[in-house]
Amino acid sequence: MISSVRDRAPRAGVGGDRRLVALAAVTAVVSGALSVVGGTLVFAVLGIVGLFAACAYRPVFAPYVYLVTLPFLAGIERGALVPMARPNEALLAVLLAGACFGGVLRYLRGDAVRLRLRPMDMPLACLVLLSTVWPIASMMLRGQTPLSSDLVAVLPMCKLAALLVLVRMTVRTDAQLLRCARLIVWPGAVVAVVAILQTLNVGPVLDLLAWWWSTDSGGLSSRGTTTLGSSIATGDYVIMCLSLVICCSLRGLFGRREALVAGFVLGAGVLAAGQFSTWIAAAVAVVVILRRIPQLRRRAVRFLPVVVVAVLIGAPAFLGRMSDFAEGFTVPRSWLGRWDNITHFYVPRLDEFGFLLGVSPDSVLAAPETWRELIYLESGYLQFLWVGGLPLLVAFGWLSVSVLTATSRLRTRPDTTGAYAAALEITWWVILVLSIIDIHLVLRGAGDLLFVLLAVVSGRWAHDRS
């Protein structure tokens, strides 16, 4: 949880960008030619070498590549393309290695690197340690031997911490922040389009998703699971992108047409996700936006036609989920299953003083029934207690106070930092509310995007205070 300031930074001018593009083009041509001769393995090796070299030459290239590919790789199953890992995790490892190698070379040539602690670093470090090291240590102190599934369960938080450090160390200027914002928003808009087409039963889209991406629901056309493989993650991702669009456009960072197109697509994607939790999150986000941005209340009437069209496009998934209430249920049917799992499988083990030190880093249980294999803990706050006990829940509360304090001081800035801070505040309130029913902090794709926002805000807070 550190940030670096180099006394002598290499200039990233137009010439450097042209050399980087030329290098990428040459690498692509050579890779394509050799892939015909040597097959997929040669192509993969050359791609890894090219990414490594590009990140070593320009470390900021690493977060650019990760962000633009994130929503399309994060949903591919672990081991499907890369042994024992998801593709985005393997990609992050290559990008980190290249950026670190370039940093070491710059240090050896004499560039000074000063590491500074920021005010948000301590709560961030506590959350990471209590989510990774503490659960394993707690099991060993209680005389239990951690299983391989327990070790795998702590890896997502390790990955998110590494991503946070990568962004803090490489993304420094306002131009780079704005470029990252576009690399977040437009892939998010593509995900929203996929969600819309998926819920409209477009055959080629359903076939493609069935081939590469698994789904967390019974049918591919019932909810917008998209390339993230999760309708909940899709909803969170789209809402975060939409919040960033609004915060950037109000500061004049996005053009009017760009903001309208992106906002329209993302708004329709919110409904197409087909998740009640997503619609609750959208309501929370709207409340926070209207409270924090008074000038938007006066402009809201102008956007009503766009909102109506977006609602009509995303309506099929919404109407499909409303059928639960038409069948006589007072709450969504899936929520009844969640409550049954919590009360019968998780609460009894937490009652045995498990909430004090935690039960296990892995909250997935084997199901005793024959009609299902696994049981998932679908409550964010209970997840904290299950994994790390009261210490982890307290660490999350400490980080929440720190995040809301930082965003309250930075969100009024008219630059990119203010946009990221405002978007983080909206997102964090959504997480505080929705963690009652799901663990939204580390969702695939959405968790990565959240830690990118945390990296930007935590790294800029000290500058604002000084």
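Residues numbered from 1 in each chain as written. Predicted model: local features only at pLDDT ≥ 70, side-chain atom pairs only at ≥ 80, totals over all residues. Heavy atoms only, no water.

Looking up the chain in an unreviewed UniProt entry gives the name O-antigen ligase domain-containing protein, with the organism given as Saccharopolyspora griseoalba.

1. Digging into the overall build of the chain
Keep this limit in mind: Put simply, DSSP marks the helices as runs of H or I at least four residues long and the strands as runs of E at least two long, and each gets a number from the N terminus on. The buried label applies to any residue whose accessible area, calculated with a 1.4 Å probe on protein chains only, is under 20% of its type's maximum; exposed applies above 50%, and partly exposed to all values in between. Here the accessible surface of atoms and residues is derived via Shrake-Rupley with a 1.4 Å probe, and residues count as covered only by protein chains that are part of the display.
Within the chain, the regular secondary structure consists of 18 helices and four strands. The burial tally for the chain puts 49% of its 466 residues in the buried class. Of the roughly 21,400 Å² of accessible surface on the chain, a fraction of 69% belongs to carbon and sulfur atoms.

2. Side note on the packing of aromatic side chains
Which entries qualify depends on this criterion: Each Phe, Tyr or Trp ring, with Trp reduced to its six-membered ring, pairs with another whose centre is within 6.5 Å; inter-plane angles below 30 degrees give stacked pairs, above 60 give edge-to-face pairs, and intermediate values give tilted ones.
Throughout the structure, instances matching the rule amount to six aromatic pairs. Both rings, one in Tyr 381 and one in Phe 396, keep their centres 6.1 Å apart while their planes meet at 70°; by these two values the pair is edge-to-face. Aromatic side chains Phe 396 and Trp 428 sit 5.9 Å apart centroid to centroid with 25° between the ring planes, which places their arrangement in the stacked category. You can see Phe 396 sitting in helix H16 (residues 380–410) and its partner Trp 428 sitting in helix H17 (residues 416–434), a full 32 residues away along the chain. Like Phe 396, the residue Trp 428 is buried in the burial classification. By the ring-pair criterion, three or more aromatic residues cluster together here, those being Tyr 381, Phe 384, Phe 396 and Trp 428.

3. Describing the environment of Pro 332
Its place among the elements puts Pro 332 in the loop between helix H14 (304–326) and helix H15 (333–357). The class of Pro 332 is buried, set by a relative accessible area of 4%. The spacing of Pro 332 and Gln 275 is 57 residues in sequence and 9.9 Å in space, taken between C-alpha atoms.

4. Thoughts on the confidence of the model for the chain
When pLDDT drops low, the exact placement of atoms in the prediction is not to be read closely. Put simply, the rule is: The predictor attaches a confidence to each residue, and that confidence, scored 0 to 100, is pLDDT. Residue contacts are counted whenever heavy atoms from the two residues lie within 4.5 Å of one another.
For the chain, mean pLDDT is 83; residues scoring 70 or higher make up 80% of the total. Looking at the elements of the chain, mean pLDDT is at its lowest for strand E1 (residues 2–6), recorded as 41, and at its highest for H17, recorded as 96. Low confidence marks residues 1–16, where pLDDT is under 50. Its contacts with residues over four positions away, or in another chain, come to 47 contacts.

5. Re the packing of helix H5 (residues 121–141) against H16
For the record, the criterion: Under this scheme, a helix contributes an axis fitted over its contacting stretch, all axes are lines through C-alpha atoms, and angles between N-to-C directions fall in the 0 to 180 degree range. When an angle is under 35 degrees it counts as roughly parallel; over 145 it counts as roughly antiparallel; between 65 and 115 it counts as roughly perpendicular; any other value is oblique. It is the rotation of the near helix from the far one that decides the hand of a crossing: anticlockwise by less than a right angle makes it left-handed, clockwise makes it right-handed. Residues are grouped as follows: Ala, Val, Leu, Ile, Met, Phe, Trp, Tyr, Cys and Pro are nonpolar; Asp, Glu, Lys and Arg are charged; all remaining types, including Gly, are polar.
Relative to each other, H5 and H16 sit at 165°, their axes nearing to 8 Å. Comparing the axis directions of H5 and H16 gives the class roughly antiparallel. In this structure, the crossing between H5 and H16 has a hand that is left-handed. Contacts between H5 and H16 involve Met 122, Pro 123, Leu 124, Cys 126, Leu 127, Leu 130, Ser 131, Trp 134 and Pro 135 from the first element and Val 387, Gly 388, Pro 391, Leu 392, Ala 395, Phe 396, Trp 398, Leu 399 and Ser 402 from the second. For the contact of H5 with H16, a count of residues per class yields 15 nonpolar, three polar and no charged.

6. What about the nonpolar core?
Heads up, the rule is: Note on terminology: a nonpolar core comprises buried Ala, Val, Leu, Ile, Met, Phe, Trp, Tyr and Cys residues joined through side-chain atoms within 4.5 Å.
Counting 101 residues, the largest nonpolar core has Met 120, Trp 428, Leu 441 and Leu 454 as its most contacted members. Counting residues per element, this core draws most heavily on H17, which supplies twelve residues. If you look at the next biggest cluster of nonpolar residues, it comprises ten residues, including Val 359, Leu 365, Ala 367 and Ile 375.

7. A look at the environment of Ser 360
The following threshold applies: Any N or O atom pair separated by 3.5 Å or less is treated as a polar contact, with the protein-specific requirement of one donor-capable and one acceptor-capable atom, and with residues adjacent in sequence counted only for side-chain atom pairs.
With respect to the element layout, Ser 360 can be found in the loop between H15 and strand E3 (365–366). For Ser 360, the residues in contact, after removing those within four places along its chain, are Met 139, Asp 150, Trp 386 and Val 387. Engagement of the side chain of Ser 360 in a polar contact is seen with the backbone nitrogen of Asp 362, the distance being 3.1 Å.

8. With respect to the pattern of salt bridges
Short version of the rule: Salt-bridge detection follows one rule: a side-chain nitrogen of Lys or Arg within 4 Å of a carboxyl oxygen of Asp or Glu.
Using the criterion set out here, one finds eleven salt bridges in the structure. Among the salt bridges present, the one from Arg 338 reaches Glu 378, with a minimum N-O distance of 3.5 Å. With Arg 338 in helix H15 and Glu 378 in the loop between strand E4 (374–375) and H16, this pair connects stretches of sequence that are 40 residues apart. The exposure class assigned to Arg 338 is buried, which follows from its relative accessible area of 8%.

9. Here's the deal with the side chain of Ser 277
One can find Ser 277 in helix H12 (residues 276–292). You can call Ser 277 buried: its relative accessible area is 1%. When neighbours within four sequence positions are excluded, Ser 277 is seen to be in contact with Ile 232, Leu 434 and Ile 437.

10. Brief notes about H15
Convention followed: Values of bend correspond, residue by residue, to the angle between axes fitted over the seven residues ending at that residue and the seven starting there.
Bending of H15 peaks at approximately 80° at the position of Asp 351. Those residues of H15 that fall on the buried side of the exposure criterion are Arg 338, Asn 341, Ile 342, Tyr 346, Leu 350 and Gly 354. In the core, the buried residues of H15 are packed alongside helix H10 (231–250), E3, E4 and H16. Gly 358 sits one or two positions beyond H15 and adopts a positive phi of about 95°.

11. Let's talk about the packing of helix H3 (residues 61–73) against helix H8 (residues 174–199)
Between H3 and H8, the least distance of the axes is 8 Å, while the angle of their chain directions is 15°. In terms of orientation, H3 and H8 fall into the roughly parallel class. Crossing angle aside, the handedness with which H3 passes H8 is right-handed. Mapping the contact onto sequence places Tyr 64, Leu 67, Val 68, Pro 71 and Phe 72 in H3 and Gln 176, Arg 179, Cys 180, Leu 183, Ile 184, Pro 187, Val 190 and Val 191 in H8. Class assignment of the residues belonging to the contact of H3 with H8 gives a composition of eleven nonpolar, one polar and one charged.

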